[in-house]
Amino acid sequence: MQTSTHSDLLLKRSLAAVWHPCTQMKQHEWLPLVPVARGEGCWLYDCDGRRYLDAISSWWVNLFGHCNPRINAALRAQLESLEHVLLAGFSHEPVVELSERLARATGGALGHCFYASDGASAVEIALKMSFHYWRNCGRPAKTRFVSLAGSYHGETLGALAVTDVRLFKDTYAPLLMTSSQVASPDWRLAEQGESALDYAARCAQALGRHLEQHQGETAALIVEPLVQGATGMAMYDAEYLRRARAICDHYAVHLIVDEIMTGCGRTGTFFAHEQAGITPDFLCLSKGITGGYLPLSVVMTRDAVYQAFYDEAVTRGFLHSHSYTGNALACRAALATLDIFEQDRVIEANRAKSARLTAAARPIAQHPRVKQFRNTGMIWAFEVETADPEFARKFFAQALERELLLRPLGNTVYFMPPYVIDEDEIELLVSRTLAILDTD
Ligand SMILES: *Cc1c(COP(=O)(O)O)cnc(C)c1O
């Protein structure tokens, strides 16, 4: 009784004082806002003791469960020595070690790390760095960027300019620099009888035609490798990345891989672009890198790019900073996360777990309302046949009633669970999703 009063009060205070992200606040007149008191493993517990299986890893950030004892311990230890120091003119062990280990994860191909606090800022940095590189190389006309149709790269103005989401674009268009979009290799768009591979190759040809015309003013192509997340978990063949790499090289255009969602093992390899056997010029990483604990993002680049900024002239240096650049606590959480990857051989373990969840989800794939069930690594998605424009919100509410946190994108339902999801939790996720599909 008392807890219920407490949670009601918390909800009222939240709605009165907090402007929630990506939300038409008026919807909370009827949509439940969930007051979370604590988390443990894959579970979130609300103030009334109800639990929810976090099947979307709290917006794709959590890897090893909430309140992971190992990450907690690493953070506690870090707190005893240093919480934060400015990174301009100063350095510290966690940021150095993290940079070294991330560079090693790329086989040394991307030898320098630049830090920020969120994904959108990492995208801004990659775009600015690419432009500034070309400027330093005597090619200042390369000021434009190309992205894929249906891409999502974040919501600050620069990131939004290369994001292709109708709703955002229509609203904020007057504020945005112009960018170009080329066909997405999303295999759902292939013609009847055309394989994902053939379709990827056809889209790469379209990219080639675009860059043939616009190479002079194009600084970079930015892509979400293998999976375009926010616009509906579009999945595509790695062949597109191989061809895009070759085309970008041919026309002297940078390739930026936005691994903010796909990185940290989400697609089955530590970085998604590894599956294409390519090296990007810039790599953006955030979300899972701290295990879902603290805001941190990284832009990694080749030493050759770094060298193009190395000079006596201040204006040839990269002009960018954030107050919390390279925050020591966030870097420590990232190091603890990388430790878990190594100690638990997570990439290998996830292969079996991915196969297990795919097998368990077969009844979902075969459900009469479900179309285009698909999987890459630790991401599953499918479309649900519905005429209801309110499908996503209703599904979300129905899932909450069944102890599931699922947040469809339009009529696309997806699972992106923490990697620590176990057998029983997989069963629960599948059976309760089926129960929702079987209502109305
Ligand atoms: C989430 C996301 C971003 C933006 O990251 P924020 O931390 O939310 O700013 C950029 N790109 C991709 C692919 C993402 O999934």
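Reading guide: rules and limits
Residues numbered from 1 in each chain as written. Predicted model: local features only at pLDDT ≥ 70, side-chain atom pairs only at ≥ 80, totals over all residues. Heavy atoms only, no water. Buried < 20%, exposed > 50% of the residue type's maximum accessible area, 1.4 Å probe, protein only. Helix = DSSP H or I, 4+ residues; strand = E, 2+ residues; numbered from the N terminus. Pairing = 2+ DSSP bridges. Core = buried A, V, L, I, M, F, W, Y, C linked by side-chain atoms within 4.5 Å. Domains from an automatic or database assignment. Contact = heavy atoms within 4.5 Å. Disulfide = S-S within 2.5 Å. Arc of directions from axis to C-beta. Polar contact = N/O pair within 3.5 Å; in protein donor to acceptor, adjacent residues only side chain to side chain. Axes fitted to C-alpha atoms, helices over the stretch in contact; angles between N-to-C directions. Parallel < 35°, antiparallel > 145°, perpendicular 65-115°, else oblique. Left-handed = near helix turned anticlockwise from the far one by under 90°. Nonpolar A, V, L, I, M, F, W, Y, C, P; charged D, E, K, R; others polar. Near = heavy atom within 4 Å. Buried area = accessible area lost by both parts, 1.4 Å probe. Salt bridge = Lys/Arg side-chain N within 4 Å of Asp/Glu carboxyl O.

**Quick look at the pairing of strand β12 (residues 297–301)**
Next up, step 1: Buried residues dominate β12, accounting for five of its five residues.
Next up, step 2: Alternating positions in β12 separate into two faces, Ser297, Val299 and Thr301 on one and Val298 and Met300 on the other, with burial throughout.
Next up, step 3: Pairing of strand β4 (residues 112–116) with β12 involves five bridges; the strand directions are antiparallel. Bridging across to β12, alanine 116 finds its partner in serine 297.
Next up, step 4: Sheet topology note: the strand β11 (residues 282–285)/β12 ladder contains four bridges and is antiparallel. If you follow leucine 285 over to β12, its bridge partner there is valine 298.

**Considerations on the nonpolar core**
Next up, step 1: Judged by nonpolar contacts, the single largest core of 105 residues is most densely connected at Leu102, Tyr240 and Ile364.
Next up, step 2: Counting residues per element, this core draws most heavily on helix α11 (residues 328–343), which supplies ten residues.
Next up, step 3: Residue-level mapping places this core at the junction of two domains, with at least three residues from each of domain 1 (34–67 + 345–437) and domain 2 (72–343).
Next up, step 4: Sequence-distant contacts of tyrosine 240, that is, excluding residues within four places in its chain, are made with Leu148, Val182, Ala183, Pro185, Ala200, Cys203, Ala204 and Leu207.
Next up, step 5: With 26 residues, the next largest nonpolar core counts Ala159, Ile260, Cys284 and Phe309 among its residues.

**Details of the state of the cysteines**
Next up, step 1: Following the criterion strictly, the structure yields zero disulfides and no others.
Next up, step 2: Free of any disulfide, cysteine 113 has its nearest cysteine sulfur in cysteine 331, 9.3 Å distant.
Next up, step 3: Taking the relative accessible area as the measure of exposure, cysteine 113 reaches 18% and is therefore buried.
Next up, step 4: Between cysteine 137, a free cysteine, and cysteine 248, which holds the nearest cysteine sulfur, the sulfur-to-sulfur gap is 16 Å.

**Let's talk about helix α3 (residues 69–79)**
Next up, step 1: Looking at α3, one finds that the buried residues are Ile71, Asn72, Ala74, Leu75 and Gln78. Along α3, the residues classed as buried sweep out an arc of 165° about the axis, all on the same side. Seen from the open side of α3, the exposed residues pointing more than 90 degrees away from its buried face are Pro69, Arg76 and Ala77.
Next up, step 2: Structurally, α3 contributes buried residues whose contacts are with α4 (93–105) and α11.
Next up, step 3: N-capping of α3 is provided by asparagine 68, with a side-chain oxygen placed 2.8 Å from the backbone N of arginine 70.

**As for unusual backbone geometry**
Next up, step 1: Here leucine 226, not a glycine, exhibits a phi torsion of approximately 70°, which is positive.
Next up, step 2: The residue leucine 226 is located in the loop between β7 (218–223) and β8 (227–228) in this model.
Next up, step 3: One non-glycine residue, glutamine 372, lies in positive phi territory at about 50°.
Next up, step 4: Inspection of the secondary structure assignment puts glutamine 372 in strand β13 (residues 370–376).

**Some remarks on the pairing of β13**
Next up, step 1: Bridge count between β13 and strand β14 (residues 379–384): five bridges; the pairing is antiparallel. By the bridge assignment, valine 370 is partnered in β14 with valine 384.
Next up, step 2: The antiparallel hairpin formed by β13 and β14 contains two residues in its connecting segment, where glycine 377 sits at a positive phi of about 55°.

**A closer look at the side chain of threonine 376**
Next up, step 1: If you trace the backbone, threonine 376 turns up in strand β13.
Next up, step 2: Residues contacting threonine 376, with those up to four places away along its chain left out, are Val227, Met235, Arg266 and Thr267.

**Side note on the packing of helix α8 (residues 196–214) against helix α9 (residues 239–250)**
The geometry of a pair of packed helices is captured by two quantities: the angle between their axes and the separation between those axes.
Next up, step 1: Interaxial distance between α8 and α9 falls to 8 Å at its minimum, and their mutual angle equals 20°. By the angle between their directions, the pair α8 and α9 is classed as roughly parallel. Here the hand of the crossing between α8 and α9 comes out right-handed. Contact residues: α8 offers Leu197, Ala200, Ala201, Cys203, Ala204, Leu207, Gly208 and Leu211, while α9 offers Glu239, Tyr240, Arg243, Ala244, Ile247 and Cys248.
Next up, step 2: The residue inventory of the contact of α8 with α9, partitioned by class, reads eleven nonpolar, one polar and two charged.

**Things to note about the site of the ligand**
Next up, step 1: Neighbouring the ligand are the residues Trp60, Asp118, Gly119, Ala120, Tyr152, His153, Gly154, Glu224, Asp258, Ile260, Met261 and Lys287.
Next up, step 2: Contact distances for the ligand include 2.7 Å between a nitrogen atom and a side-chain N or O atom of aspartate 258.
Next up, step 3: Here lysine 287 contributes a side-chain N or O atom positioned 2.6 Å from an oxygen atom of the ligand.

**Some points on the domain arrangement of the protein**
Interfaces are frequently sized by the accessible area removed from exposure as the parts join.
Next up, step 1: As far as domains go, the protein holds domain 1 (34–67 + 345–437) and domain 2 (72–343).
Next up, step 2: The gap between the C-alpha centroids of domain 1 and domain 2 is 26 Å.
Next up, step 3: Each side of the interface is counted separately: domain 1 has 30 residues, and domain 2 has 28 residues.
Next up, step 4: Approximately 2400 Å² of surface area, both sides summed, lies buried where domain 1 meets domain 2, with 65% of it carried by carbon and sulfur atoms.
Next up, step 5: Contact with domain 2 buries surface across domain 1, with Trp60, Ile347 and Arg374 losing the most and accounting together for 24% of the total.
Next up, step 6: On the surface where domain 1 and domain 2 come into contact, there are one salt bridge.
Next up, step 7: Salt-bridge contacts for glutamate 383 lead to arginine 188; the nearest nitrogen and oxygen are separated by 3.0 Å.

**Here's the deal with the pattern of salt bridges**
Next up, step 1: Under the counting rule described, the total for this entry stands at 28 salt bridges.
Next up, step 2: Across the pair glutamate 403 and arginine 51 runs a salt bridge whose closest N-O atoms are separated by 3.2 Å. Within this pair, whereas glutamate 403 is found in the loop between α14 (391–401) and β15 (404–405), its partner arginine 51 is found in strand β3 (residues 51–54), the two being separated by 352 residues in sequence.
Next up, step 3: When the shortest N-O distance is used, the salt bridge between lysine 169 and aspartate 164 registers 3.4 Å.
Next up, step 4: Taking relative accessible area as the criterion, aspartate 164 reaches 22% and is therefore assigned partly exposed.
Next up, step 5: Among the charged side chains, a salt-bridge network with shared partners connects Glu97, Arg101, Asp339 and Glu342.

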